[in-house]
Amino acid sequence: MDIKSLEDRFNEKIDEDVRIEPKDWMPDNYRKTLIRQISQHAHSEIVGMLPEANWISRAPTLRRKAAALAKVQDEAGHGLYLYSACETLGVERDQLLQDLHSGKAKYSSIFNYPTLTWADMGAIGWLVDGAAIMNQVPLCRASYGPYARAMVRVCKEESFHQRQGFEIMLTLCKGSEEQKKMAQDALNRWWWPSLMMFGPTDEASTHTEQSMRWGIKRFTNDELRQKFVDATKPQADLLGITIPDKDLKWNEERGHYDFGEINWEEFFNVIKGNGPCNKQRVDARKSAYDNGAWVREAAAAHAEKKSKKQAAA
Amino acid sequence: MTDLTKYNYVLQHADNCLILGQRLGEWCGHGPILEQDIAMTNISLDLIGQARMWYQYAAEIQNEGKSEDDIAYLRDAWGYRNVLLVEQPNGDFAQTIFRQFLYDTYSCYFYEALMNSSDERLAAIAAKSHKEALYHIKWSGDWVIRLGDGTEESHNRMVAAVQELWSYAGELIKPNETEAKAHEEGYGVDLSAIKEKRDAKIREVLTEATLEVPESTYAHEGGKDGRHSEHLGYILADLQFLQRAYPGLEW
Ligand SMILES: [Fe+2]
Ligand SMILES: [Fe+2]
Ligand SMILES: [Fe+2]
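Residues numbered from 1 in each chain as written. Chains lettered and ligands numbered in written order. Predicted model: local features only at pLDDT ≥ 70, side-chain atom pairs only at ≥ 80, totals over all residues. Heavy atoms only, no water.

A. The arrangement of the overall build of chain B in detail. Within chain B, the regular secondary structure consists of eleven helices and zero strands. Whereas a compact globule of 251 residues would reach a radius of gyration of roughly 18 Å, chain B reaches 18 Å, a difference of no more than 12%. When the backbone C-alpha atoms are referred to their principal axes, chain B occupies close to 55 × 40 × 30 Å. The burial tally for chain B puts 59% of its 251 residues in the buried class. Across chain B, contacts joining residues at least 24 apart in sequence account for 81% of those joining residues at least 6 apart. For chain B, the accessible surface area stands at approximately 10200 Å², while carbon and sulfur atoms represent 49% of it. Side chains of chain B give 23 positive and 41 negative charges; the mean places of these two sets differ by 2 Å. (Helix = DSSP H or I, 4+ residues; strand = E, 2+ residues; numbered from the N terminus. Rg over C-alpha atoms; globule rule 2.2 N^0.38 Å. Buried < 20%, exposed > 50% of the residue type's maximum accessible area, 1.4 Å probe, protein only. Contact = heavy atoms within 4.5 Å. Areas by Shrake-Rupley, 256 points an atom, 1.4 Å probe, with all protein chains shown as cover. Lys, Arg positive; Asp, Glu negative; His and termini not counted. Charge placed at Lys NZ, Arg CZ, Asp CG, Glu CD.)

B. Inspection of the coordination of the iron ion (ligand 3) at higher detail. Residue and element names in this part refer to chain A. Ligation of the iron ion (ligand 3) by protein atoms is provided by Glu 75 (OE), Asp 129 (OD), Glu 158 (OE) and His 161 (ND1), these donors lying 1.9 to 2.2 Å from the ion. Here the iron ion (ligand 3) is ringed by four donor atoms whose angles at the metal span 90 to 143 degrees, and the overall shape comes out irregular. Within one chain, the residues donating to the iron ion (ligand 3) are spaced in sequence as E-x53-D-x28-E-x2-H. In this structure the iron ion (ligand 1) is found 3.5 Å away from the iron ion (ligand 3), and Glu 75 serves as a bridging donor for the pair. Separated by 86 residues along the polypeptide, Glu 75 in helix α4 (residues 62–87) and His 161 in helix α7 (residues 145–173) bring together distant segments of the chain. For the pair formed by Glu 75 and His 161, the shared burial category is buried. (Donors = N, O, S within 2.8 Å, 3.2 Å for Na, K, Ca; no water. Tetrahedral: all angles 85-135°; square planar, octahedral: opposite > 155°, others 65-115°.)

C. Focus on the interface of chain A and chain B. The partner chain B presents 46 residues to the 46 residues of chain A that form the contact. Its largest share of buried area at the contact with chain B, chain A owes to Leu62(A), Gln73(A) and Trp294(A), together 20% of the area lost on that side. For the interface between chain A and chain B, the tally reads two salt bridges. Across the pair Glu35(B) and Arg93(A) runs a salt bridge, and its minimum N-O distance is 2.5 Å. At the surface where chain A touches chain B, the tally comes to 17 residue pairs in polar contact (both at pLDDT 80 or more). (Buried area = accessible area lost by both parts, 1.4 Å probe. Salt bridge = Lys/Arg side-chain N within 4 Å of Asp/Glu carboxyl O. Polar contact = N/O pair within 3.5 Å; in protein donor to acceptor, adjacent residues only side chain to side chain.)

D. Quick look at the packing of α4(A) against helix α5 (residues 93–102) of chain A. All names here are of chain A. With their axes 9 Å apart at the nearest point, α4 and α5 run at an angle of 110 degrees to one another. Put simply, α4 runs roughly perpendicular to α5. Where α4 approaches α5, its residues Leu 80, Tyr 83, Cys 86 and Glu 87 are matched on the opposing element by Arg 93, Leu 96 and Leu 97. Across the contact of α4 with α5, the residue classes tally to five nonpolar, no polar and two charged. (Axes fitted to C-alpha atoms, helices over the stretch in contact; angles between N-to-C directions. Parallel < 35°, antiparallel > 145°, perpendicular 65-115°, else oblique. Nonpolar A, V, L, I, M, F, W, Y, C, P; charged D, E, K, R; others polar.)

E. Spatial organisation of the environment of Phe241(B). One can find Phe241(B) in helix α11 (residues 231–245). Between the C-alpha atom of Phe241(B) and that of Tyr73(B), which follows or precedes it by 168 residues, the distance is 9.1 Å.

F. Geometry of α4(A). Along its 26 residues, α4(A) runs 38 Å from first to last C-alpha, staying within 8% of the 38 Å computed at 1.5 Å per residue. Burial analysis of α4(A) places 19 of its 26 residues in the buried class, the great majority of the element. (Expected span 1.5 Å × (residues − 1).)

G. Spatial organisation of the nonpolar core. Of all hydrophobic cores here, the largest spans 176 residues; its most connected members are Tyr30(A), Leu18(B), Trp54(B), Phe93(B), Phe98(B), Val144(B) and Leu147(B). With 15 residues, the single largest contributor to this core is helix α2 (residues 34–62) of chain B. Other than its neighbours up to four places away in sequence, Phe93(B) contacts Trp294(A), Val295(A), Trp27(B), Pro32(B), Gln36(B), Met40(B), Trp139(B), Trp143(B) and Leu147(B). (Core = buried A, V, L, I, M, F, W, Y, C linked by side-chain atoms within 4.5 Å.)

H. Up close: the packing of aromatic side chains. Scanning all chains against the criterion turns up 22 aromatic pairs over all chains. Ring centres of Trp27(B) and Phe93(B) lie 6.0 Å apart, and the angle between their planes is 90 degrees; on these two criteria the pair is classed as edge-to-face. Of this pair, Trp27(B) sits in the loop between α1 (4–25) and α2 while Phe93(B) sits in helix α5 (residues 93–114); the two residues are 66 residues apart in sequence, bridging distant segments of the chain. For Trp27(B), a relative accessible area of 13% corresponds to the buried category. Under the relative-accessibility criterion, Phe93(B) is labelled buried at 2%. Through a chain of ring-to-ring contacts, the aromatic side chains of Trp54(B), Tyr103(B), Tyr106(B), Phe110(B) and Tyr111(B) assemble into a single cluster. Stacked on the ring of Tyr81(A), the Lys or Arg Arg153(A) has its end atom at 3.8 Å from the ring centre. When the ring centre of Phe219(A) is taken as reference, the NZ or CZ atom of Lys227(A) above it lies at 4.5 Å. (Phe/Tyr/Trp six-rings, centres within 6.5 Å; stacked < 30°, edge-to-face > 60°. Lys NZ or Arg CZ within 6 Å of the ring centre and 35° of its normal.)

I. Local environment of the state of the cysteines. All names here are of chain B. Considering all chains together, one arrives at zero disulfides over all chains under this definition. Of all cysteine sulfurs, the one in Cys 17 lies closest to Cys 108, which takes part in no disulfide; the gap is 13 Å. By relative accessible area, Cys 108 is classed as buried at 5%. (Disulfide = S-S within 2.5 Å.)

Below you can see the structure in the form of C-alpha cells.
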C-alpha cells in the first residue's frame, strides 16, 4: 500500500473511533507526539513520587503512613504502565529516563513545588490528583490503544487518591485551629500551581488542534481548567477554607465560576527550570539512577550467567 | 496491665516491624530500578500493616484506653524493644538487601512457629504475616544471590554489607528474659528451635551467592530491652514529629 492509502486508512480509524494498535501504521508525527505526551506523563508520575515521599517518615499515624506508602507506590505503578505504553511505540525506558535527566523531556511543573507541612499531603491528593483526573479521564478514550488502556487503570487509582486527599483536608479542617491554619496555608500554596497544571491558555497552546484531530486530546486546556474550578469551589466551601482568588465568583449567565488571571510569568519560569524545587527533583532522580547503575549491571550479569548455565545443562 | 510479659513480647515484634518499615520507606522514590522501588515500598507497607496488628493487640493487653498510635508514637528510645538490626541505616542497596535478608530469615521461621501459639490472637497475626514473610524472603534472598553472583562490584558491595551487618544477626535468635518466659508460658516461640533452620537458610543462600558465611558469632544485643544504637533517636525524631509538635489531635 502506498503512503496515501495508509494515511487514509489511519484517518478513517480515527474518525470512526477505532483504536490504533502498536502494529498498525501511523504517521511519524502521531508517533512522536504520543511518545512526547506519554513519556511526559510517565515522568510526572515518578517525579511526583518525591514531594509526597518527603512526608512518609513523618506521617502522623500508622494508618496515614500506610496510606501514604500505598499512594506513592501507586504513582510508581502508573509510571510503569506509562513507560510500557511508550515502549510499544519503539522507544526504550532507559532512553526516556536519559531524556528526563538531561532536561530534554518535561514533567508536570506542579512537582517543582515543595511539601512544607503535613497538610500538603491532603492538598496534593485533593487538588493535584483532582486536576490530573480532569486531564486524564478523557484520555481513557485516547485513539492509541495501549495509552487508553493504561489510562483506565491509572484513573481508577487517581480518583481514590483524590478522595483520600480530601479526607486528610477534612480531618484537618475539623481539627484544631493550628490544623485548620495548616489546611488553609496548603490551599494558598497549591491552588494556582494546580490551575497551571492544565497548561497554557487555548490561545497560547501550540499542540491542541492537531492533538484533538488525532484523538489524543479530547478537551482544550481552558475547558478542563474551567471544569476543575467548577468542581473544586464547592469542595473548598465544604471544608470551610478559602480559595486564594478574590475574582472567583459564580457567573449565572455562563453557568460557571469566573476566576482570576493566572500568573503566566511564574508558569513559564517554572517550566524553564526556575521553580523552587526543579533542581532538587531532577537531581534526586538522577542520583537514584546513577547510584542504581551497579545494581542493574549486576542483575543483567547474573541473568546472563544463569541462562548460560541453563543452556549448558 | 494484666500481663506485662506478654505486653513486652508483643511490643518487641511491633517495634521490629515499625522501625524496619520506617527504614525501608526511606527508599521510596529513590530506588535503583522502578520495579525494586515498588518492591521495597510494598514490603514497607506489609511491615507497617503487621506493626498495626501487633500494636492493636498491645493496646488491648495494656487495657488503658490507649490507641495503636499512642503506643507506636509516644515513647522515648529506651521504651522501644526492636532489635538493633532493623535500626541500622539503609546504606547502599546491598546493605538494605542484606539487612532485609537477615530479618526475613528470622521472621519467616518465627511466624511459622508462632502459628502454633496457644494464644489465638498471636496465631492469627502469625498466619497473616507468615504469608508476607515468605514473599519477602524470596525477594531478599534472590537479590542476595543476584548481587553476590553478579559483577565484581556488586560482589564486593555484598561482601561489605555482610561484614557491616553480621554482628546484628545473633540478637534475632537469642532469647531475652521476655522471650524465654513467653515460651515457658506456651504462647511464645522457642527461638533455639528455629536457629538451625535459619542458619541453614542463610548458608544455602550465601553459598549460592558465592559469598562466605562469616565465622564470628559475636552478637551486638540490647535492643530487645531498650538499649539502642545512636540511630534510633533520629528515626524517632522523624516518626514522632507531628505527634510531639501537636499533641493529642486527630489526623
Ligand atoms: Fe498517578
Ligand atoms: Fe497521573
Ligand atoms: Fe495519584
